[in-house]
Amino acid sequence: GTSPFFYDVDSPAEFAVTTGGADVRNATPGVQAQVVLKSGGTQPHGGGRFYFEDDHLQTVNISDELALALGSPTGNSNRIDTYSEYGFDLGGPLLENHVWVWGTVNKTNVTALTFNDLTDQVQAHNYALKADGILTDTIRGNFTFFEDARTENGRGAGVLRTAESAWNVADPVRYYKGEGRFIFGPRWVATARGAYITDAFTMTPAGGLTTDYFIDDTG
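The written sequence of each chain sets the order in which its residues are numbered from 1. Note on the predicted model: pLDDT of at least 70 is required for a residue's local features to be given, and 80 or more for side-chain atom pairs to be given and counted; whole-chain, interface and lining totals, by contrast, use all residues. Each side-chain value is derived from all of the structure's non-hydrogen atoms; neither hydrogens nor water enter the calculation.

## Details of the overall build of the protein
When helices and strands are tallied, the protein shows one helix and 10 strands. For the purposes of this entry, the term helix denotes a DSSP run of H or I that reaches at least four residues, the term strand denotes a run of E that reaches at least two, and both are numbered from the N terminus. Counted from the first residue to the last, the protein has its helices and strands arranged as β-β-β-α-β-β-β-β-β-β-β. Only the C-alpha atoms count toward the radius of gyration. The rule for a globule is 2.2 Å times the residue count to the power 0.38. Whereas a compact globule of 219 residues would reach a radius of gyration of roughly 17 Å, the protein reaches 23 Å, over 25% beyond that. Principal axes of the C-alpha set define a box for the protein whose edges measure 75 × 40 × 40 Å. Each residue's exposure class comes from its accessible area (1.4 Å probe, protein chains only) as a fraction of the maximum for that residue type: buried when under 20%, exposed when over 50%, partly exposed otherwise. Counting every position in the protein, which comprises 219 residues, the buried fraction comes to 25%. For every accessible area listed, the method is Shrake-Rupley and the probe measures 1.4 Å; residues are considered covered only by the protein chains on display. Accessible surface, the protein: about 14500 Å² in total, of which carbon and sulfur atoms supply 57%. Placing the 15 positive and 27 negative side-chain charges of the protein at their respective mean positions leaves the two points 15 Å apart. Note that His is not counted, nor are the chain ends; the positive residues are Lys and Arg, and the negative ones are Asp and Glu. In this description, the location of a charge corresponds to atom NZ of lysine, CZ of arginine, CG of aspartate or CD of glutamate.

Have a look at this one:
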């Protein structure tokens, strides 16, 4: 399997990865990731970020001769053309001693160039909202919303396929989670949780669905 979400690195407060010996109750095998988003807290707080990179801020670990041998017409290798990411988050008490909220907005743009100068472009928008509340001394709860809207034009582009046969990907994902904790007495505590995920992953050929195609004699 694969994760339906792509997180910006400034949203999680904790990130734990289990590579082996995961809890037997997990529904899927393999690597397990546990992400805990930031929360409101008792003091107002916030932050902003901006990241940038282009072709001049990276190095190349292969020679021009090797790149030419691998199919590059110009001697260039796979590389980042431009990378930018910016966003902000805010958190704090909404109702003193009762409700605390936190939210973030983030946008990422990545344009990569292949050996043969084809473009693979990714755009991602992340939105998150987290609220914790205490209704009474015996009832408390929280709610989390996370949206990761990602598009990629040119997935799989490279020397082994034409630009028209690369993939255009749309992967909007929304996550809703609510939890309530109820104290009935010194010996009785109940917790109720519910979560819902929407995922509409699509892949279409960059050349469109009506373009003629052929299969050569090698398959």
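## Quick word on the pairing of strand β5 (residues 99-113)
Here is the key point about a regular strand: its side chains alternate between the two faces of the sheet. Burial of β5 is extensive: 11 of the 15 residues sit out of reach of the surface. In this analysis, strands are considered paired if DSSP registers two or more bridges between them. Counted along the chain from strand β4 (residues 79-95) to the antiparallel partner β5, the turn is three residues long, and its residue N97 has a positive phi close to 65°. Turn length for the β5-strand β6 (residues 119-136) hairpin, with the two strands adjacent in sequence and antiparallel, is five residues, and the turn residue D117 shows positive phi of about 60°.

## Re the pattern of salt bridges
Each reported salt bridge corresponds to a side-chain nitrogen of Lys or Arg within 4 Å of a carboxyl oxygen of Asp or Glu. Evaluation of the coordinates by the stated rule reveals 11 salt bridges. Taking the shortest distance from any N to any O, the salt bridge between R49 and D10 comes out at 3.7 Å. Pair noted here: R49 is in strand β3 (residues 45-54) and D10 is in the segment before β1 (12-18), with a separation of 39 residues, a long-range link. With a closest N to O distance of 3.4 Å, D171 and R150 form a salt bridge. Separated by 21 residues along the polypeptide, D171 in strand β8 (residues 167-185) and R150 in strand β7 (residues 139-155) bring together distant segments of the chain. No difference in accessibility class separates D171 from R150, as the two residues are buried. One network of salt bridges, with partners in common, ties together D8, D10, K38, R49 and D89.

## Some points on a nonpolar patch on the surface
Together, Y7, F15, V17 and V31 give the surface a local cluster of nonpolar side chains, amounting to about 380 Å² of exposed area. Within the fold, V31 resides in the loop between β1 and β2 (32-37). Surface patches are defined over residues having more than 30% relative accessible area and no salt bridge, joining like charges when they lie within 9 Å and nonpolar side chains (Val, Leu, Ile, Met, Phe, Trp, Tyr) when within 5 Å.

## With respect to the pairing of strand β9 (residues 188-199)
Pairing of β8 with β9 involves 12 bridges; the strand directions are antiparallel. Each bridged residue has a counterpart across the sheet, and for R181 the counterpart in β9 is T191. Hairpin connection, β8 to β9: the antiparallel pair is bridged by two residues.

## Description of unusual backbone geometry
With a phi angle near 65°, N97 is a residue other than glycine that sits in the positive phi range. For N97, the location among the structural elements is in the loop between β4 and β5. Although it is not a glycine, D117 sits at a positive phi angle of roughly 60°. Within the secondary structure layout, D117 lies in the loop between β5 and β6.

## A few points about the nonpolar core
We call a set of buried residues a nonpolar core when its members are Ala, Val, Leu, Ile, Met, Phe, Trp, Tyr or Cys and they connect through side-chain atoms within 4.5 Å of each other. Grouped together as the largest cluster of nonpolar side chains are six residues: F5, L37, W102, A128, F146 and V173. Every residue in contact with F146, bar those within four places of it in the chain, is listed here: F5, F6, Y7, L37, N126, Y127, A128, V173, R174 and Y175. Only heavy atoms matter for contacts: two residues are in contact if any of them lie within 4.5 Å across the pair.

## Topic: the packing of aromatic side chains
Whether two aromatic rings pair depends on their centres lying within 6.5 Å, for rings of Phe, Tyr and Trp, where Trp uses its six-membered ring; planes under 30 degrees apart make the pair stacked, over 60 edge-to-face, and the rest tilted. All chains considered together, the criterion is met by six aromatic pairs. Here F145 and Y176 contribute two aromatic rings whose centre-to-centre distance is 5.2 Å and whose plane-to-plane angle is 50°, an arrangement assigned as tilted. Of this pair, F145 sits in strand β7 while Y176 sits in strand β8, placing them 31 residues apart in sequence. According to the relative accessible area criterion, F145 is buried, its value standing at 17%.

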